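# Report on the structure
Given next are the chains, with one letter for each unit.
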2 protein chains.
Amino acid sequence: MTQARTVNADQMKAAIAEAGLRPTRPRAALIDQMAAWATAGTDFTCEELWHSAQASAPWIGRSTTFRTVELLADLGFLDRVTFADGSERYHVVQPGSHHHHLTCEMCHRVVEIDICLPAEVLETVQRSSGFALTGHRLELFGRCSDCQRHTVPVIDSVDAE
Amino acid sequence: MTQARTVNADQMKAAIAEAGLRPTRPRAALIDQMAAWATAGTDFTCEELWHSAQASAPWIGRSTTFRTVELLADLGFLDRVTFADGSERYHVVQPGSHHHHLTCEMCHRVVEIDICLPAEVLETVQRSSGFALTGHRLELFGRCSDCQRHTVPVIDSVDAE
DNA sequence: ACAAAGATGATACTCAGTATCAATAGCCGA
DNA sequence: TCGGCTATTGATACTGAGTATCATCTTTGT
Ligand SMILES: [Zn+2]
Ligand SMILES: [Zn+2]
Ligand SMILES: [Zn+2]
Ligand SMILES: [Zn+2]
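Notes on the structure in this doc start here.

Thresholds, definitions, all that
- Residues numbered from 1 in each chain as written.
- Chains lettered and ligands numbered in written order.
- Predicted model: local features only at pLDDT ≥ 70, side-chain atom pairs only at ≥ 80, totals over all residues.
- Heavy atoms only, no water.
- Near = heavy atom within 4 Å.
- Polar contact = N/O pair within 3.5 Å; in protein donor to acceptor, adjacent residues only side chain to side chain.
- Helix = DSSP H or I, 4+ residues; strand = E, 2+ residues; numbered from the N terminus.
- Donors = N, O, S within 2.8 Å, 3.2 Å for Na, K, Ca; no water.
- Tetrahedral: all angles 85-135°; square planar, octahedral: opposite > 155°, others 65-115°.
- Buried < 20%, exposed > 50% of the residue type's maximum accessible area, 1.4 Å probe, protein only.
- Contact = heavy atoms within 4.5 Å.
- Axes fitted to C-alpha atoms, helices over the stretch in contact; angles between N-to-C directions.
- Parallel < 35°, antiparallel > 145°, perpendicular 65-115°, else oblique.
- Left-handed = near helix turned anticlockwise from the far one by under 90°.
- Nonpolar A, V, L, I, M, F, W, Y, C, P; charged D, E, K, R; others polar.

Let us now look at the protein's contact with DNA strand D. In the region of DNA strand D, 17 residues are neighbours, and R62 of chain A together with T24, R27, T64 and R67 of chain B sit closest. A share of 57% of the atoms of DNA strand D within 4 Å of the protein falls on sugar and phosphate groups. W59 of chain B places a main-chain nitrogen or oxygen 3.0 Å from a phosphate oxygen of DNA strand D. In the model, a base nitrogen of DNA strand D is placed 2.6 Å from a nitrogen or oxygen of the R67 of chain B side chain. Elements with a contribution of two residues or more to the surface near DNA strand D: α4 (62-74) of chain A together with α2 (25-40) and α4 (62-74) of chain B.

Structure (structure tokens):
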């Protein structure tokens with residue numbers, strides 16, 4: 001029931017320091033942007049992150065953006081979220097937390113859900129398949145309460161909202 | 001319990017005819033290759049399909065391969081399977097059948113499993129989120145019985161096997 | 001302040017997938 | 001069977017996301 005507070009910039013910066021990596025200006029700028037989005041519950045792509053970061057830090061290179069996203073993903077702060085149309089975007093999460101995402105196929109809102117496959121189901125699979133399970137990926141799709149009020153067809157682009 | 005027989009080429013060709021589309025030579029060749037892989041339980045990418053088809057039909061264009069895969073996917077004969085490393089490949093399935101995939105992260109073997117999220121879990125999510133659920137995507141990862149015997153690290157490429 | 005190692009950013013490149021379009025091949029009616 | 005209509009094809013050029021390279025710039029420890 002403990003509502004985990006949104007990941008903030010300092011947590012990510014601290015993790016970088018703990019990993020023995022350097023606290024550089026580009027990393028800080030990119031992390032600040034990601035943290036802002038995290039609080040707003042907004043997901044993003046590398047390209048979007050790059051463009052947004054350039055508003056306040058035009059000197060940041062595209063490569064660095066990709067590198068930083070990969071780094072944060074490795075540190076466990078970024079999850080790839082899959083949408084109904086198959087597109088994938090990044091989402092800031094608490095490292096180590098196991099949860100899944102429910103995305104609105106109309107407005108692309110992302111909600112973290114803490115349900116998972118029941119252990120017994122995993123047991124069954126493991127027994128009947130002979131596989132040793134090591135992980136899974138679960139994404140739920142639907143229409144959020146707001147979007148249920150409209151009759152508009154499902155959108156393709158992410159520019160909505 | 002009825003073990004669904006593997007999808008064969010004729011089923012796919014019939015579906016194309018029923019959709020009012022034309023039974024062309026490239027489509028036939030590509031479908032034959034996919035059907036062969038279906039029986040063998042092999043998954044593939046568009047690029048792989050193209051190369052393989054060229055052995056027996058060097059005149060097939062790359063574009064046509066992409067178009068045919070898209071067509072078959074629309075007709076429900078192809079599922080995108082996700083692997084532990086994030087790569088995605090196609091897998092022939094019975095159209096309309098709801099199931100999920102379990103992939104071996106060492107040899108990339110794909111197994112269809114018929115378990116799913118329990119209805120009550122979906123109910124819970126629906127109630128607590130306010131979303132109207134429209135679908136989901138579930139992929140399980142593990143090591144198949146064969147690969148459990150080895151201690152080799154997880155592979156990256158698909159060329160194994 | 002200095003050298004070593006880490007990190008950066010410009011550039012060029014790869015790779016999967018898409019767009020275009022003239023040429024081809026099924027289909028159907030005469 | 002013929003001829004025209006249209007779906008389909010395949011060559012080509014293009015896009016966009018991500019990667020590789022490498023000289024230059026920073027951070028850090030001494
Ligand atoms: Zn919505
Ligand atoms: Zn889970
Ligand atoms: Zn295996
Ligand atoms: Zn399911």
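And the narrative resumes.
A few words now on the coordination of the zinc ion (ligand 3). Around a metal, the ideal angle is 109.5 degrees if four donors adopt a tetrahedral arrangement and 90 or 180 degrees if six donors adopt an octahedral arrangement. Residue and element names in this part refer to chain B. Only C104 (SG), C107 (SG), C144 (SG) and C147 (SG) from the protein coordinate the zinc ion (ligand 3), and they sit 2.3 Å from it. For the zinc ion (ligand 3), the four donor atoms are set out with angles of 101 to 115° between them, so the coordination reads as tetrahedral. Sequence spacing among the residues donating to the zinc ion (ligand 3) works out to C-x2-C-x36-C-x2-C. Take C144: its relative accessible area is 1%, and that puts it in the buried class.

For the rest of this paragraph, the subject is the environment of H98 of chain A. Residue and element names in this part refer to chain A. The topology assignment puts H98 in the loop between β2 (88-92) and β3 (100-104). Overall, H98 belongs to the partly exposed group, its relative accessible area being 48%. Excluding residues that lie within four positions of it along the chain, H98 makes contacts with C116 and H136. At a separation of 3.2 Å, a polar atom in the side chain of H98 contacts the side chain of H100. Looking at H98, its side chain comes within polar contact range of the side chain of H136, at 3.2 Å.

For any two helices packed against each other, one specifies the inter-axial angle together with the distance between the axes. Residues and elements named next belong to chain A. In the contact formed by helix α2 (residues 25-40) and helix α3 (residues 46-56), the axes pass within 10 Å of each other and the chain directions differ by 110°. Classified by the angle their axes make, α2 and α3 are roughly perpendicular. When you trace α2 past α3, the crossing you get is right-handed. Packed against α2, whose contacting residues are L30, Q33, M34 and W37, the element α3 presents E48, L49, S52 and A53 at the interface. For the contact of α2 with α3, the per-class residue count stands at five nonpolar, two polar and one charged.

Taken together, 16 residues lie around DNA strand C, and R22, T24, T64 and R67 of chain A together with R62 of chain B are the ones closest in. Atoms of DNA strand C within 4 Å of the protein: sugar and phosphate make up 53%, bases the balance. R67 of chain A places a side-chain nitrogen or oxygen 2.5 Å from a base nitrogen of DNA strand C. The side chain of R62 of chain B places a nitrogen or oxygen atom 2.5 Å from a base nitrogen of DNA strand C. Among the elements of the structure, α2 and α4 of chain A together with α4 of chain B are those that each provide at least two residues to the surface near DNA strand C. When grouped by side-chain class, the residues that make up the surface near DNA strand C number six nonpolar, five polar and five charged.

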